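# Structural characterization, general
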Amino acid sequence: MLLPAKAQEAADSVADEYIDRNQAVIDSILSLITPSTPDSIKAKYYNKIAHTTDNNDTIIKYAKMSINFCKETDYNLLGDNNTFLYGVYRMKGDYKAALQSVQSSIKYFNKSGNLKDLAGAYNSASIVHAELNNFDSIGFYMNKALKIGNQLGDTTFIAHCYQILGLAYSYCGFYNEAKNNYKKAIFLDSSHLLEFLSFLS
C-alpha cells in the first residue's frame with residue numbers, strides 16, 4: 001500500500017538526506033587524494049569508502065580500486081576488500097564470483113595471522129558452497145571456522161557456526177544434520193532457539 005502523500009514525502013526526504021550525507025562523506029574522503037598521495041594511503045582511503053557506502057556498485061568499484069593500490073603484503077587490507085566483494089557478489093546471486101573473493105580473503109587472512117577474520121572467511125566460504133550445492137565443502141570449511149572459534153574460546157561465534165551449518169544443511173535438504181547443528185547452537189546460545197523452532201515447523 002502506498003504511503004499517504006505527506007508521509008511519502010517525509011520518507012523520500014529521509015532517504016535523500018541519507019544518500020546525500022553518505023555521498024558527502026565519500027566526497028570528503030576523495031578530496032584527500034591527490035596525485036602525490038602514496039599508493040598505500042590511497043588503498044586505505046578507497047577501502048574506507050567501501051566501508052562508508054551501502055551502494056553495491058560503489059562498494060565493488062572502491063574495493064577493487066583499493067586492491068589495485070595495495071602492496072602484496074597488505075594482507076589484512078586485501079582480505080577486507082575481498083570480504084566486501086564476497087558480500088556484494090553473494091547478494092547479487094553471483095556465487096562463483098563470491099566464492100572466488102572469499103577464497104582470496106582466506107588466503108590473505110591466513111598470511112596475516114588474523115584468526116578472527118580468517119574464521120569469518122571460512123564461515124562465509126561454507127555458506128556460498130551451500131548455495132552452490134557443493135555439499136562436501138560445507139562441513140570442510142565450517143570445521144576450519146569451528147577449530148579457530150574453539151582456539152579463540154569464542155562461544156558466540158561457535159554457536160553462530162553451528163547455526164549456519166543448520167541453515168546450510170536445511171537449504172541442501174539434509175534435515176537430520178540441520179537439526180543436530182541447530183541443537184548445538186542452542187546449547188551454546190539460546191538466542192538461536194526461535195530459528196530452530198521455525199525450522200521444526
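Everything quoted here is computed from the prediction, not taken from an experiment.

### Remarks on the overall build of the protein chain
Along the backbone of the protein chain there are ten helices and zero strands. Across the 201 residues of the protein chain, 41% fall into the buried class. A separation of at least 24 residues holds for 48% of the contacts in the protein chain among residues at least 6 apart in sequence. When the accessible area of the protein chain is evaluated, it comes to approximately 11500 Å², of which 54% is carbon and sulfur surface.

### Notes on unusual backbone geometry
In this structure, N133 is a non-glycine residue whose phi angle is positive, near 60°. By the secondary structure assignment, N133 is in the loop between α6 (115–131) and α7 (135–152). Relative accessible area serves as the criterion here: at 45%, N133 is assigned to the partly exposed category.

### Some thoughts on the packing of aromatic side chains
This structure, assessed with the given rule, holds six aromatic pairs. Here Y122 and Y141 contribute two aromatic rings whose centre-to-centre distance is 6.2 Å and whose plane-to-plane angle is 35°, an arrangement assigned as tilted. Placement of Y122 in helix α6 and of Y141 in helix α7 is noted, with a sequence separation of 19 residues between them. In this structure Y122 comes out as buried when scored by relative accessible area, which is 8%. In this structure Y141 comes out as buried when scored by relative accessible area, which is 15%. Among the aromatic residues, those joined into a ring-pair cluster are Y46, Y62 and F69.

### Points about the nonpolar core
Counting residues in each nonpolar core, the largest one holds 40 residues, and the members touching the most others are V102, I106, Y122, I138, M142, L146 and L165. Contributing elements (two or more residues each) for this core: α3 (56–69), α4 (75–91), α5 (95–112), α6, α7, α8 (155–171) and α9 (175–188). When sequence neighbours within four positions are dropped, the list of residues in contact with Y122 reads I106, N110, Y141, K144, A145 and I148. If you look at the next biggest cluster of nonpolar residues, it comprises six residues, including I29, Y46, I49 and Y62.

### What about the side chain of S101?
Turning to its location among the elements, S101 is positioned in helix α5. Once residues within four sequence positions are removed from consideration, S101 is found in contact with N82, L85, Y86 and Y89.

### Looking at the environment of V25
With respect to the element layout, V25 can be found in helix α1 (residues 5–31). Separated by 27 residues in the primary sequence, V25 and T52 place their C-alpha atoms 7.6 Å from one another.

### Details of the confidence of the model for the protein chain
Overall, the prediction assigns the protein chain a mean pLDDT of 87, with 86% of residues at 70 or greater. The least confident element of the protein chain is α1, whose mean pLDDT is 65; the most confident is α5, at 98. Note that pLDDT drops below 50 for residues 1–8; the model gives that stretch two contacts with residues more than four away or on any other chain. Of the regions scoring below 50 in pLDDT, residues 10–18 engages in two contacts with residues more than four places distant in sequence or in other chains.

### Re the pattern of salt bridges
One pass over the full model with this rule turns up three salt bridges. Among the ionic pairs, K92 bridges to D57, the shortest N-O distance being 3.4 Å. Highlighted residues: K92 in the loop between α4 and α5 and D57 in helix α3, separated in sequence by 35 residues. With relative accessibility at 46%, the residue K92 sits in the partly exposed group. Ionic pairing is found between K111 and E72, a salt bridge with its closest N-O pair at 4.0 Å.

### Section: α9
When the terminal C-alpha atoms of α9 are compared, their 20 Å separation across 14 residues agrees well with the 20 Å that a helix rising 1.5 Å per residue should span. Inspection of α9 places A178, N181, Y182, A185 and I186 among the buried residues, and these make up the whole buried set. Seen from one end, α9 has its buried residues packed into an arc of 145°, which puts them on one side. For α9, the exposed residues lying more than 90 degrees away from the buried face are N176 and F187.

Scoring rules and cut-offs
Residues numbered from 1 in each chain as written. Predicted model: local features only at pLDDT ≥ 70, side-chain atom pairs only at ≥ 80, totals over all residues. Heavy atoms only, no water. Helix = DSSP H or I, 4+ residues; strand = E, 2+ residues; numbered from the N terminus. Buried < 20%, exposed > 50% of the residue type's maximum accessible area, 1.4 Å probe, protein only. Contact = heavy atoms within 4.5 Å. Areas by Shrake-Rupley, 256 points an atom, 1.4 Å probe, with all protein chains shown as cover. Phe/Tyr/Trp six-rings, centres within 6.5 Å; stacked < 30°, edge-to-face > 60°. Core = buried A, V, L, I, M, F, W, Y, C linked by side-chain atoms within 4.5 Å. pLDDT = per-residue confidence, 0-100. Salt bridge = Lys/Arg side-chain N within 4 Å of Asp/Glu carboxyl O. Expected span 1.5 Å × (residues − 1). Arc of directions from axis to C-beta.

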